[in-house]
Amino acid sequence: MEVLLLGRGFIVTLICCLFKLSTATEIPLSVQQVPTIIKQSKVQVAFPFDEYFQIECEAKGNPEPTFMWTKDDKPFDLSDPRIIVSNNSGTFKIPNEGHISHFQGKYRCFASNKLGVAMSEEIEFIVPNVPKFPKENIDPLEVEEGDPIVLPCNPPKGLPPLHIYWMNIELEHIEQDERVYMSQKGDLYFANVEEKDSRNDYCCFAAFPRLRTIVQKMPMKLTVNSSNSIKQRKPRLLLPPAESGTASSVTILKGDTLLLECFAEGLPTPTVDWNKIGGDLPKGRETKENYGKTLKIENVSYRDRGNYRCTAKNFLGSTTHDFHVTVEEPPRWTKKPQSGVYSTGSSGILLCEAEGEPEPTIKWKVNGSPIDKNPFAGDVVSLGEISFTNLQPNHTAVYQCEASNTHGTILANANIDVVDVRPLIQTEDEENYATVVGYSAFLHCEYFASPEAIVSWQKVEEAKPLEGRRYHIHENGTLQINKTTEDDAGSYSCWVENAKGKTAVTANLDIRNATKLQVSPKNPRVPKLHTLELHCESNCDPHLKHSLKLSWSKNGQAFEINATEDGRIIIDGANLTITNVTSEDQGVYSCSAQTALDSAADVTQVTILDVPDPPENLHLSERQNRSVRLTWDAGNDHSSPVSEYIVEFEGNKEEPGRWEELARVQGKGTTVILPLAPYVRYQFRVIAVNAVGRSHPSQPSDHHETPPAAPDKNPQNIRVQASQPKEMIIKWEPLKSMEQNGPGLEYRVTWKPQGAPVEWEEETVTNHTLRVMTPTVYAPYDVQVQAINHLGSGPEPQSVVLYSGEDYPDTAPVIHGVDVINSTLVKVTWSTIPKDRVHGHLKGYQVNWWKTKSLLDGRTHPKEVNILRFSGQRNYGMVPSLDAFSEFHLTVLAYNSKGAGPESEPYIFQTPEGVPEQPAFLKVIKVDKDTATLTWGLPKKLNGNLTGYLLQYQIINDTYELGELNDINITSPSKPSWRLSNLNSTTKYKFYLRACTSKGCGKPITEEGSTLGEGSKSIGKISEGVNLTQKTHPVEALEPGAEHIVRLLTKNWVDNNSIFEDVIETRGREYAGLYDDISTQSWFIGLMCAIALLTLILLTVCFVKRNRGGKYSVKEKEDLHPDPEVQSVKDETFGEYSDSDEKPLKGSLRSLNRDMQATESADSLVQYGEGDHGLFNEDGSFIGAYTGSKEKGSVESNGSSTATFPLRA
């Protein structure tokens, strides 16, 4: 290395290859070495509020160092009982017990062992005094108005920094301005006093923040006497004081802040200005404070030395003062002596150079003593260096270099350790390392060796030194393998050898797979205010997954996880979501992965799409009567190309301010010729459209007004509205404002009978309706409407045919006959009425019918008319939904747009018998092991004379296979029950019951039940629909000793859902006398008493809870009152079977309709015609349901009661 030797004027190049590595290596503590101070105190201040004061000195060495101290260059006794010394350390504490002023001074620590002595820098221990203003009587000051005056502060000395304030007794600051100024020393200057300056409480406060102390000077009284003859005068400097003359010197340390101040008295108040003689004030570092009275220059450098001038002036004159500024500097190292490790017989050099102003003096010491008192043989000592040759072990020592000037002293210790040892490898043996394919691997082999050692590395299995450009061994022994591959994995040996011997350690290297990332989607284009979702797919070595950390950044700036104030940005590991994106979210997004061994990153360019900016600079050209060219400049498309422009106009006189679309321009075109209408004052605007949406409209263009012209079109949608016969109210769509083409719009209406060779009648109107009376009813007319204005007429109008007003038909059709199709359907035929009797447009025929009486019981019925309409010209119709076995009356009438004509004479007909409806209910009221008793109710409609019932049953047994169907014909229609015998025990059956007339049997009602096993008690269950409006419903024929379930059902049988279900157990007298006079039994009396007591307790608890405001929770209610439907599902003993939810059964079920006539037709009623009361549409289609629901499977049924029975073994 190159070494600059001070005072010699030449450069000596000294290559210290023998010990260059050693100087960079720290000596292990296992090797003998001189002491080294590793920790020491700086300046220590004894603040009165601290508990103790610690002065530190820590050192290391081998042998372990001992410590001694000096105070003010004299030995300091550590055995003083007033201090506390730390063990194995030079640190000691001084308790704050009132005698600390005795310890004030400058301390130095010495750490020594048999090899040398290290010394610390000086440590100053300051015991500050409590600052106080002296007690004094301050005479009042009295001056004339306009005179100058200075109020002295003379603050006490104390621990800096010092802050001075002038306040009154109320602790309000004395205001300072151009006239009043406080100097750096704290004195208060007045350039000229005013009457308002009179006060008796001018107080100077001195604050010492490090001591937490503020002291106050005695108040001063200032009296300003008013004067009628205040004399103006030119400036005179009060600061610097007059005794300083016209120039003074200022010394400032480099890096400090320079403060120069000038204050002048005079009247008017002088102003102060600053300049540097022969140069400029440093820009950026200089400020003028206190109304220009203080010049402040921060971070002073040598360039700032020189002469500065302040100039105070008013209109009467000026005065100046020059400051000669000198910049000085405490000592600082330019070449600091370095410690070194040397082997026997080697040579070395210590350099010590420092700069400062004044120039520092250099002093050398050895082991804490001046070098001239303790020289080593062979040392060559000069002002800035010490050189030595042929070093021996006894030359081991600590050299000190001290540089000092008037501003301070700096000290450096340099250890000279002469050591001869075999290499000591400090890296642990069998250390494991890992890196990633393609990265560099670093295998450490830190060692200490003296004399110098040679380091070599080899792979264990190859046993030869590593060679090649990929391998590099650093001076500290570390092996660097560049661009690693999987083949580099394995064990390596580090060998360190010098003249004293050699040592080795082994290192193991693992190669991991590199981490890979992929951000998706790639380069997404996201519309504004939509959501951006990015995913970072990572793939890393399994050994590195635990250390994998993903992070996101945008344009190089990292995202803080979920740190946005509005919560728009959400980072969830590998996912980045930004909601309501804006243009500010556009940029390059990067996903970075960091593992313990490598890092990876992938980027994607996010483009935010937004609606275009509005077009600009609209310009009109090529102005014509019916066209104009509009040109514009495109705005920013925000990354989504403009697909079209929409041109809108405003100019509608009827709707001013309303913009309407006029034209569209595709692609990138920015000009268009616009077609215009006459008599419009146009203004245009343009909207740009892209894939995101529409821009805001552009600013409107200039106005363009077109001249008037005759109308271009005539009214459309000419029609007639007739409210009275022989009347024709002609209406049309009026021309819009933009279609009128000019002022004075009117309509010319002409008409004449269609095809008649007569003149056109004509009338001109301004509105869009005209009432015309005609001589005949419902006669055709040719009508024309033409638009006209002040400039002419519109084009030749087209004729339309309109009819005059209608009247009611005046004759009725004649009924030819009524053909009975079946018990509920008939066909009616009639004669149509002549066309001239319709008096309008025939819309169709209406059939009215009503039931007069039932043929079953002969009862007459009140007249309730049913209506069915048939559109068009026809002479027949089908009338459905009739009651069977009844007498009806029927009429027919014609109707047109005006209304209905007279009815025909009533036609009387009768409907034949039909099959009955299904029985009202079917119940199994008692079952035993081989018998079952069923009861049922009459059908609601018998539709004829009841001849009996057909009862059928078959085994189902919870399977999809059906048993053989058995039939029983019950010929007694008055018998409402039947007992089946010879049934199988413990078997489930399904029962079907139909009511029959001479026409056949109706649809069945079904029920299911199960017989009992051997030894079981007979039981039963009923289930029946109940009218919800009734408060009670009688339950018939409850079998004694049976358990029954009563279920309340909704009246709508579609879902067959029960809304209430309860279990009733009835007990009858199975054996006579068993329960005779039960009220006399003692067990019964006890049971009743217990029930009464429990009821009383429950009522009391409920009353207390109610008064306390307690409420049952929903859960408690559910526990107390479980849903009976749910309970029945949970109870496997009870199985629900009903027509509405029965599953289809496997196997072939033979027809239940054998030996029965076909049921009446249930054909579609579209052909029947129109019906009122919500039955039929105007086109004759049937609205209401007219077909019975079909039971799942092959059995037809309109519904059934449901009953389930438990099986008890």
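Predicted model only: the values in this text are computed from it and were never measured.

Looking only at helices and strands, one finds four helices and 90 strands in the chain. Taking all 1209 residues of the chain together, the buried fraction comes to 43%. Split by element, the accessible area of the chain, about 64900 Å² in all, is 49% carbon and sulfur.

By convention here, two paired aromatic rings are described through the distance between centres and the angle between planes. Scanning the entire structure with this criterion turns up 28 aromatic pairs. Judged by centre distance (6.2 Å) and plane angle (25 degrees), the ring pair of Tyr989 and Phe991 falls under stacked. By relative accessible area, which is 2% here, Phe991 ends up buried. Among the aromatic residues, ring-to-ring pairing joins Trp69, Phe76, Phe92, Phe103 and Tyr107 into one connected group. The cationic tip of Lys93 hangs over the ring face of Tyr52; the distance from NZ or CZ to the ring centre is 4.4 Å.

Now for a negative patch on the surface. Negative charge collects at one region of the surface, where Glu428, Asp429, Glu430 and Glu431 lie side by side. On the secondary structure map, Glu431 appears in strand β41 (residues 431-436).

This paragraph deals with the state of the cysteines. As enumerated under the stated definition, the model contains seven disulfides in all. Sulfur-sulfur distance for the disulfide between Cys153 and Cys204 comes to 1.9 Å. As the torsion about the S-S bond is roughly -65 degrees, the Cys153-Cys204 disulfide counts as left-handed. Separated by 51 residues along the polypeptide, Cys153 in the loop between β15 (149-151) and β16 (163-167) and Cys204 in strand β19 (residues 199-208) bring together distant segments of the chain. Under the relative-accessibility criterion, Cys153 is labelled buried at 0%. A relative accessible area of 0% places Cys204 in the buried class. The side chain of Cys262 participates in a disulfide bridge whose partner is Cys310; the two sulfur atoms lie 1.8 Å from each other.

Our next topic: the sheet that holds strand β57 (residues 599-609). On the basis of which strands lie adjacent, the open sheet formed by five strands has the order β50-β57-β56-β52-β53 and mixed pairing. For this open sheet the edge positions go to β50 (525-527) and β53 (557-558), each flanked by a neighbour on one side alone. Two strands pair when backbone bridges link them, and strand β56 (residues 587-594) and β57 are joined in this way by eight bridges, in the antiparallel orientation. Residue pairing for β57: Ser590 is matched across the bridge by Val603.

What follows concerns the nonpolar core. Leu151, Trp166, Leu188, Phe190 and Tyr202 are the most contacted members of the largest nonpolar core, which totals 25 residues. Broken down by secondary-structure element, the contributors of at least two residues to this core are β15, β16, β17 (180-182), β18 (188-190), β19 and β21 (220-225). Counting residues per element, this core draws most heavily on β19, at four residues. Counting residues in hydrophobic clusters, the runner-up holds 24 residues, among them Val34, Ala59, Phe67 and Ala111.

Bringing the pattern of salt bridges into the picture now. Scanning the entire structure with this criterion turns up 42 salt bridges. One salt bridge in this structure joins Glu136 and Lys217, with 2.8 Å as the shortest N-O distance. Taken as a pair, Glu136 in the loop between β13 (123-126) and β14 (141-144) and Lys217 in the loop between β20 (213-216) and β21 lie far apart in primary sequence, 81 residues in all. A single salt-bridge network, built from bridges that share partners, covers Arg179, Glu194, Lys196 and Asp197.

Time to look at unusual backbone geometry. In this chain, Glu357 is followed by Pro358 through a cis amide linkage whose omega measures 0 degrees. Inspection of the secondary structure assignment puts Pro358 in the loop between β33 (353-357) and β34 (361-366). Cis geometry is found at the peptide bond from Ser450 to Pro451, where omega equals 5 degrees. Position of Pro451 among the secondary structure elements: in the loop between β43 (447-450) and β44 (454-459). Here the phi dihedral of Tyr778 falls at roughly 50 degrees; this positive angle occurs in a residue that is not glycine. Tracing the backbone through its elements, the reader meets Tyr778 in the loop between β69 (769-773) and β70 (780-789). With relative accessibility at 25%, the residue Tyr778 sits in the partly exposed group. Despite not being glycine, Phe885 has its phi angle at roughly 55 degrees, a positive value. Position of Phe885 relative to the elements: it lies in the loop between β77 (876-879) and β78 (886-896).

This brings us to the sheet that holds β34. With mixed pairing, five strands are arranged side by side in an open sheet as β31-β39-β38-β34-β35. Both outer strands of the open sheet, β31 (340-342) and β35 (369-370), are each paired with one neighbouring strand and no more.

Before going further, it helps to examine the environment of Cys352. Looking at the secondary structure, you find Cys352 in the loop between β32 (348-351) and β33. The spacing of Cys352 and Cys401 is 49 residues in sequence and 6.6 Å in space, taken between C-alpha atoms. Excluding its chain neighbours within four sequence positions, the residues that come into contact with Cys352 are Trp333, Lys335, Pro337, Ile362, Trp364, Gly384 and Cys401.

The next point concerns a nonpolar patch on the surface. Nonpolar side chains collect at one region of the surface, where Leu1093, Leu1094, Ile1097 and Val1101 lie side by side and expose about 390 Å² of accessible area between them. In this fold, Val1101 is placed in helix α2 (residues 1082-1107). The exposure class assigned to Val1101 is partly exposed, which follows from its relative accessible area of 49%.

This part covers the confidence of the model for the chain. For the chain, per-residue confidence averages 83 on the pLDDT scale, and 83% of positions sit at 70 or higher. Per-residue pLDDT stays below 50 along residues 1-24; that stretch engages in 35 contacts with residues further than four places along the chain or on separate chains. Scored below 50 in pLDDT, residues 1020-1080 makes 124 contacts in the model with residues more than four places away or belonging to other chains.

This part takes up the environment of Ser249. Among the structural elements, Ser249 can be located in strand β23 (residues 247-253). Look at Ser249 and you get exposed, because its relative accessible area is 61%. In this structure, the C-alpha to C-alpha distance between Ser249 and Asn307, residues 58 residues apart in sequence, is 9.0 Å.

Reading the values: rules and limits
- Residues numbered from 1 in each chain as written.
- Predicted model: local features only at pLDDT ≥ 70, side-chain atom pairs only at ≥ 80, totals over all residues.
- Heavy atoms only, no water.
- Helix = DSSP H or I, 4+ residues; strand = E, 2+ residues; numbered from the N terminus.
- Buried < 20%, exposed > 50% of the residue type's maximum accessible area, 1.4 Å probe, protein only.
- Areas by Shrake-Rupley, 256 points an atom, 1.4 Å probe, with all protein chains shown as cover.
- Phe/Tyr/Trp six-rings, centres within 6.5 Å; stacked < 30°, edge-to-face > 60°.
- Lys NZ or Arg CZ within 6 Å of the ring centre and 35° of its normal.
- Patch = residues over 30% accessible without salt bridge, like charges linked within 9 Å, V, L, I, M, F, W, Y side chains within 5 Å.
- Salt bridge = Lys/Arg side-chain N within 4 Å of Asp/Glu carboxyl O.
- Lys, Arg positive; Asp, Glu negative; His and termini not counted.
- Charge placed at Lys NZ, Arg CZ, Asp CG, Glu CD.
- Disulfide = S-S within 2.5 Å.
- Pairing = 2+ DSSP bridges.
- Core = buried A, V, L, I, M, F, W, Y, C linked by side-chain atoms within 4.5 Å.
- Contact = heavy atoms within 4.5 Å.
- pLDDT = per-residue confidence, 0-100.

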